[in-house]
Amino acid sequence: MTYVVTDNCIQCKHTECVDICPADAFREGKNFIVIDPDECVDCGLCVPECPEEAIFAESELTTDDEHFLELNAELAKEWPLILEKLPPIEGYQSWSGKPNKLAHLER
Ligand code: F3S
């Protein structure tokens, strides 16, 4: 199993999840972050850290969010490792809680 970052992270990217991860499993894009399923140790520590409630266990993904499992795995192969918390994206407040942000994902 793995944990998966979903839509709520897009355009927010608070990165609190990065600091708590004991497995260095996060990979960073411009306006989204993903978990490398090959590195995730299924601890779940990142889940309560995310202010956007964007992280779910693979087994708890809704049908609408299931495609994020594949997307995390795909982008984890392309994006660089992130090891420390960074400031959130400027203007994240206007994106927080908005549904269906996938069209705004920058690869
Ligand atoms: Fe994204 Fe939440 Fe981490 S917004 S960067 S999954 S703390």
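Our subject is the structure that appears above.
Residues numbered from 1 in each chain as written. Predicted model: local features only at pLDDT ≥ 70, side-chain atom pairs only at ≥ 80, totals over all residues. Heavy atoms only, no water.

### A few points about the pattern of salt bridges
Right, on to step 1. In this structure the tally under the stated criterion is four salt bridges.
Right, on to step 2. Among the ionic pairs, R27 bridges to D36, the shortest N-O distance being 3.6 Å.
Right, on to step 3. Classification of R27 by relative accessible area gives buried; the value is 10%.
Right, on to step 4. Its salt-bridge partner being R107, residue E74 comes within 2.8 Å of it at the nearest N-O pair. With E74 in helix α2 (residues 67-76) and R107 in the segment after α2, this pair connects stretches of sequence that are 33 residues apart.
Right, on to step 5. Relative accessible area serves as the criterion here: at 34%, E74 is assigned to the partly exposed category.
Right, on to step 6. For R107, a relative accessible area of 55% gives the class exposed. (Salt bridge = Lys/Arg side-chain N within 4 Å of Asp/Glu carboxyl O. Buried < 20%, exposed > 50% of the residue type's maximum accessible area, 1.4 Å probe, protein only. Helix = DSSP H or I, 4+ residues; strand = E, 2+ residues; numbered from the N terminus.)

### As for the site of the ligand
Right, on to step 1. With respect to spatial proximity, the complete set of residues near the ligand consists of V5, C9, K13, H14, T15, E16, C17, I33, C50, P51, E52 and I55.
Right, on to step 2. Of the residues belonging to the shell around the ligand, the class tally is seven nonpolar, two polar and three charged. (Near = heavy atom within 4 Å. Nonpolar A, V, L, I, M, F, W, Y, C, P; charged D, E, K, R; others polar.)

### Observations regarding the layout of surface pockets
Right, on to step 1. Approximately 150 Å³ is the volume found for the largest pocket.
Right, on to step 2. Taken together, D7, N8, T62, D64, D65, H67, F68, G97, K98, P99, N100 and L102 make up the full set of residues lining the largest pocket.
Right, on to step 3. Taken together, the residues of the lining of the largest pocket sort by class into three nonpolar, five polar and four charged. (1 Å grid on protein atoms, 1.4 Å probe; cavity = no way out; pocket = protein on both sides within 12 Å on 5 of 7 lines; lining within 4 Å. Points joined across faces, edges and corners; volume = space filled by probe spheres on them.)

### Observations regarding the side chain of E52
Right, on to step 1. Relative to the elements of secondary structure, E52 occurs in the loop between β3 (33-35) and β4 (55-57).
Right, on to step 2. Although E52 is buried, it forms no salt bridge, and the closest oppositely charged side chain is K101 at an N-O distance of 5.4 Å.
Right, on to step 3. In terms of polar contacts, E52 uses its side chain to reach the side chain of S96, at 2.8 Å.
Right, on to step 4. In contact with E52, other than residues within four places in its own chain, are N8, C12, H14, Y92, S96 and G97. (Lys, Arg positive; Asp, Glu negative; His and termini not counted. Polar contact = N/O pair within 3.5 Å; in protein donor to acceptor, adjacent residues only side chain to side chain. Contact = heavy atoms within 4.5 Å.)

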